[in-house]
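What the coordinates show
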Amino acid sequence: MMQKLRNPKNVKLISLFVAAIFVLGCFALSVTQSGVGKSAFAASSESAIGVVNYQMLVAQSPDLNSVNEAMNKEIEAAQKDFNEKSKTMNEAEKRKYYTQTQERLANKQKELMDPVLKKIEASIKKIADKKGLAVVVDKNTVVFGGVDITDEVAKAMQAGK
C-alpha cells in the first residue's frame, strides 16, 4: 500500500481527484446559495408555511377566564392549607412542604391549561388545512415570511365557544 502512495503518478491522480471533489462541492454550494433553481421551490414553500401568534391566541381564548378562576381558587386553598400546616413545622419542613405545594399547583395549572391548548391547536390545524398549509410555527420564531393566520384562528375559536 505504501509503495503505491510513493509513486508520483498515483499521488498526482489522488490530488486531482481530491481537487475535483473540492471544486464540485464549491460549485454545488454556490448554486444552492445563489438561488438558481430555487424560485419554484421557494414560491411553493413560502405559501405552505403559516405563522401564528400563539401567546395572543392563548390570551384571547374564551376558556382562559374559567382556567384563571379555578387556578385562583386552588392558590387560595393551597395558601390556607400551607398556613395551617406550617404552624407546627420547622424551617426545613416548611421549605419542603412549600416546594411540594408549588409542584402541586404547577400540575394543576397544566391540567387546567391542557384542554385550552388542545382547542387552540385544533383551531390552528383546521385553518391550516383549509388554507393548504403544511407547517405552522409560532410568529416569534420567524424572521421573515409565512402566512399569518392568527386572526382567522382567533375568529374560529370565538365562533366555536
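A brief look at the structure comes next. Here the structure is a predicted model, which means the values were calculated and not measured. (Residues numbered from 1 in each chain as written. Predicted model: local features only at pLDDT ≥ 70, side-chain atom pairs only at ≥ 80, totals over all residues. Heavy atoms only, no water.)

Some details on the pairing of strand β1 (residues 49-52)
Cut-off, in case you're wondering: Here a strand pair is declared whenever DSSP counts at least two bridges between the two strands. For helices the rule is a DSSP run of H or I covering at least 4 residues; for strands it is a run of E covering at least 2, with both sets numbered from the N terminus onward.
Both β1 and strand β2 (residues 135-138) contribute to a ladder of four bridges, which runs parallel. Bridged to Gly 50 within β2 is Val 136. Two elements, β1 and strand β3 (residues 147-148), share two bridges in a ladder whose sense is parallel. In the sheet register, Val 51 faces β3, and the bridge partner there is Asp 148.

Let's talk about the side chain of Ser 123
Here is the rule: Any two residues whose heavy atoms approach within 4.5 Å at even a single point are treated as in contact.
Mapped onto the fold, Ser 123 is located in helix α6 (residues 91-131). Residues within four places of Ser 123 in sequence aside, it is in contact with Val 153 and Met 157.

Remarks on the packing of aromatic side chains
Using the following cut-off: Working definition: a ring pair exists when centres of Phe, Tyr or Trp rings (six-membered ring for Trp) sit within 6.5 Å. Plane angles under 30 degrees give stacked, over 60 give edge-to-face, the rest tilted. Exposure is judged per residue with a 1.4 Å probe applied to protein chains only, and the accessible area is read against the type maximum: over 50% gives exposed, under 20% gives buried, and values in between give partly exposed.
Per the stated rule, a full pass over the model turns up two aromatic pairs. Geometrically, the ring pair formed by Phe 82 and Tyr 97 is stacked, given 5.8 Å between the ring centres and 10° between the ring planes. Of this pair, Phe 82 sits in helix α5 (residues 64-85) while Tyr 97 sits in helix α6; the two residues are 15 residues apart in sequence, bridging distant segments of the chain. Owing to a relative accessible area of 17%, Phe 82 belongs among the buried residues under this scheme. Measuring from centroid to centroid gives 5.9 Å for Phe 82 and Tyr 98, while their planes differ by 70°, and the two rings are edge-to-face. Residue Phe 82 is found in helix α5, and its partner Tyr 98 is found in helix α6; the two are separated by 16 residues along the sequence. Judged by relative accessible area, which is 44%, Tyr 98 ranks as partly exposed.

Looking at the side chain of Ser 61
Structurally, Ser 61 is set in the loop between α4 (54-59) and α5. Residue class for Ser 61 comes out buried when judged on its relative accessible area of 8%. The residues touching Ser 61, leaving out its near neighbours within four places in the chain, are Val 116, Ile 120 and Met 157.

Here we look at the sheet that holds β2
Strand order in the open sheet made by the three strands is β2-β1-β3, with parallel pairing throughout. The sheet terminates laterally at β2 and β3, the two strands that pair on one side only.

Quick notes on the nonpolar core
Rule in force here: Among the buried residues, those of types Ala, Val, Leu, Ile, Met, Phe, Trp, Tyr and Cys that are joined through side-chain atoms within 4.5 Å form a nonpolar core.
Among the nonpolar cores identified, the biggest contains 21 residues, and Val 52, Leu 57, Met 113, Ile 120, Ile 124, Ile 149 and Val 153 are the most heavily contacted of them. For this core, the secondary-structure elements that each account for two or more residues are α4, α5, α6 and α7 (150-159).

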